[in-house]
Amino acid sequence: MRNISAVVFLSTFLSGAAFANTNCDLLLQHGINNITKYQSADHTVVYKYFTHCGVDHATSSDRTVSSADGSIFGFGSASGNLNIDQKRERVIQFCEENKDFALAQQNLFAESQTLSTEALTSWNQCIEMARKDIKISMSPQGEHSEFVHFEVDSTHDGDLVFLGINQSGYSCEASMVGNGNNIDANSQPPIRNSNIQIDCTRSAPTISETDGKGKMQYELGYISVNTSGPALSVSFPEVVEEYYVTPPNAVLPFNAQRCPAGWHEYEPAYGRFIRGIDNSGTGIDPGGVRAAGDIQSDNVGAHSHTYRGTGAAGTTTADNGNDRHGLWFNGDPGQSNVRSTESNPAGETRPKNVALLFCERR
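Right, let's walk through the structure included here. Per chain, the residues get numbers from 1 upward, laid out in the order the sequence is written. Local features are withheld for residues below a pLDDT of 70 in this predicted model, meaning they are given only at 70 or higher, and side-chain atom pairs are given and counted only at 80 or more; totals for whole chains, interfaces and linings count all residues. In computing side-chain values, all of the structure's heavy atoms are included and hydrogens and water are not.

**Remarks on the sheet that holds strand β10 (residues 232-236)**
Paired strands, in this sense, are two strands between which DSSP finds at least two bridges. Strands here are runs of E lasting at least two residues and helices are runs of H or I lasting at least four, both read from the DSSP assignment and numbered beginning at the N terminus. On the basis of which strands lie adjacent, the open sheet formed by 3 strands has the order β4-β9-β10 and antiparallel pairing. One side of each edge strand has no neighbouring strand; the edge strands of this open sheet are β4 (162-168) and β10. Averaged over all neighbouring strand pairs, the angle between strand axes comes to 5°, with direction disregarded. Both β4 and strand β9 (residues 221-227) contribute to a ladder of 6 bridges, which runs antiparallel. Counterpart to F162 in the pairing with β9 is T227. Only C-alpha atoms enter the line fits that serve as axes; for helices the fit covers just the stretch in contact. Angles between N-to-C directions range over 0 to 180 degrees.

In structure tokens:
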């Protein structure tokens, strides 16, 4: 079971004005992708409908149509291969096909805005920084952005300075490329050709287990990269992931030579089959209701064999189903003496089986 709350992690590359629109549009697209990942595809459809289908695209401007097409279908090469009339046609088709569903699920739009608002804020900051000729690349890593790497650059070397980082839910260190020394923000070092790198590590989550359910929770995260020009801030809302856990004292077989972390070998199972505790009250287990971990010795139940003799000294066989045993008799034609069958081959009585390692959760 996974139940994950809204999370935004934006992979940004803020470049000069010539590339600003394309790269900043990717921020919006990434925010929309996160709606799908952390909420549902239905949230995404409703969000796109109410964001872009409130106008008549048959008469709207080419710029409005292009923006709607990119947001709905993605800012990629496929959109670039379409002319404006083809984009207009498929935007209109999207709005018509999803109208009834979106109107019936308006509550999903409000829920999706917890993600889209963050993406829109970063988009606005992206445009502003591009106008100031500041370039910041950001690379999050890990399923929940546990590690985030920034590189800060300016095409106007020395004109802008680095003013440090504000963060919450993360610990960050900035260093100068080349010498690798940590930066004292109070010294306000100049921003040159990709000379400032920032590495941030998310604070460890809190983990709890209750009634067979585990919960992992990352607190709200926030990172702001500050310069003498604009600042770039990125928010990472809290993550809550719930999952089922194996309770303590559970015993499971593993196809392994050693137990996983948090488990230890269950020694009572060494070389033994597992038998369920008999709570039926009908005596299926002659040992009665046994305690967990109680060991029961092997035993062959009461049984007998019949055999036929020939009336003379020698050997014969005794049949009992599929069991056949060699017999010896001497001078007892009536077979009145009690005799023992020959021993079976050495070893134990057992069914076909496979060996697995039984482990107990601590």
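**Some remarks on the packing of aromatic side chains**
Only Phe, Tyr and Trp rings are paired, with Trp represented by its six-membered ring, and only when their centres lie within 6.5 Å; those with planes under 30 degrees apart are stacked, over 60 edge-to-face, the remainder tilted. One pass over the structure, following the stated rule, counts 3 aromatic pairs. Judged by centre distance (5.3 Å) and plane angle (90°), the ring pair of Y49 and F50 falls under edge-to-face. Partly exposed describes any residue whose relative accessible area lies between the buried limit of under 20% and the exposed limit of over 50%, with all areas from a 1.4 Å probe on protein chains only and scaled to the type maximum. Accessibility expressed as a relative area gives 10% for Y49, which makes it buried. The ring of F73 has R90 sitting right over it, with the charged end atom 4.1 Å from the ring centre. We count a charge as sitting over a ring when the NZ of a lysine or the CZ of an arginine lies within 6 Å of the ring centre and within 35 degrees of the ring normal.

**Concerning helix α5 (residues 84-104)**
Helix length check: α5 (21 residues) gives 30 Å between terminal C-alpha atoms against 30 Å at 1.5 Å per residue, within 8%. We define the bend at each residue as the angle formed by axes fitted to the 7 residues ending at it and the 7 residues starting at it. Approximately 55° is the largest bend angle found in α5, and it occurs at N98. Buried residues of α5: K87, R88, V91, F94, C95, N98 and A102, and no others. The N-terminus of α5 is capped by N83, whose side-chain oxygen sits 3.1 Å from the backbone nitrogen of D85. Expected span, for any helix, means 1.5 Å times one less than how many residues it has. The term polar contact refers here to a pair of N or O atoms within 3.5 Å; inside protein, the definition further demands a hydrogen-donor-capable atom paired with an acceptor-capable atom, and it admits residues adjacent in sequence only when both atoms are side-chain atoms.

**A look at the nonpolar core**
What tends to happen in soluble globular proteins is that the nonpolar side chains get buried as a cluster. If you look at the biggest cluster of nonpolar residues, it comprises 22 residues, and the most contacted ones within it are V148, F150, F162, I198, C200 and I223. Secondary structure elements with two or more residues in this core: β2 (134-141), β3 (147-154), β4, β5 (170-176), β6 (196-202), β9 and β10. Those residues in contact with F162 that sit more than four places away from it in its chain are A174, I183, A185, Q188, P189, I191, I196, I198, V225 and N226. Put simply, a nonpolar core is a bunch of buried Ala, Val, Leu, Ile, Met, Phe, Trp, Tyr and Cys residues held in one set by side-chain atoms that sit within 4.5 Å of each other. With 8 residues, the next largest nonpolar core counts A68, I72, C95 and A102 among its residues. Only heavy atoms matter for contacts: two residues are in contact if any of them lie within 4.5 Å across the pair.

**Let's talk about the pattern of salt bridges**
Salt bridge, as used here: a side-chain nitrogen of Lys or Arg that lies within 4 Å of a carboxyl oxygen of Asp or Glu. Counted according to the given criterion, the structure contains 6 salt bridges. With a shortest N-O distance of 2.6 Å, R90 and D69 are connected by a salt bridge. Of the two residues, R90 sits in helix α5 while D69 sits in helix α3 (residues 62-73), which places them 21 residues apart along the sequence. R90 sits in the partly exposed class, given a relative accessible area of 22%. For D69, a relative accessible area of 1% corresponds to the buried category. As a salt-bridge pair, R361 and E209 come within 3.4 Å of each other at their nearest N and O atoms.

**Thoughts on the sheet that holds strand β7 (residues 206-210)**
Through backbone hydrogen bonds, the strands of a sheet pair up, either in parallel or in antiparallel fashion. Reading across the sheet, the 3 strands line up as β7-β8-β11 and stay open at both edges, with antiparallel pairing between neighbours. The sheet terminates laterally at β7 and β11 (239-244), the two strands that pair on one side only. Averaged over all neighbouring strand pairs, the angle between strand axes comes to 15°, with direction disregarded. Two elements, β7 and strand β8 (residues 213-218), share 5 bridges in a ladder whose sense is antiparallel. Considered in β8, the bridge of I207 is made with M216.

**Quick look at the state of the cysteines**
Disulfides are defined in this document as cysteine sulfur pairs within 2.5 Å. In total, this model carries 3 disulfides according to the counting rule given. Paired through a disulfide, C172 and C200 show a sulfur-sulfur distance of 2.1 Å. Every disulfide takes its handedness from the sign of the S-S torsion; for C172 and C200 that torsion is 115°, giving right-handed. Of this pair, C172 sits in strand β5 while C200 is found in strand β6, placing the two residues 28 residues apart along the sequence. C172 gets classed as buried once you look at its relative accessible area, which sits at 17%. What makes C200 buried here is its relative accessible area of 2%. Note on cysteine connectivity: C259 is disulfide-linked to C359, with sulfurs 2.1 Å apart. Taking the torsion about the S-S bond as the criterion, the C259 to C359 disulfide, at about -90°, is left-handed. With C259 in the loop between β12 (251-254) and β13 (263-265) and C359 in strand β16 (residues 357-361), the pair connects residues that are 100 residues apart, well separated along the chain. For C259, a relative accessible area of 17% corresponds to the buried category.

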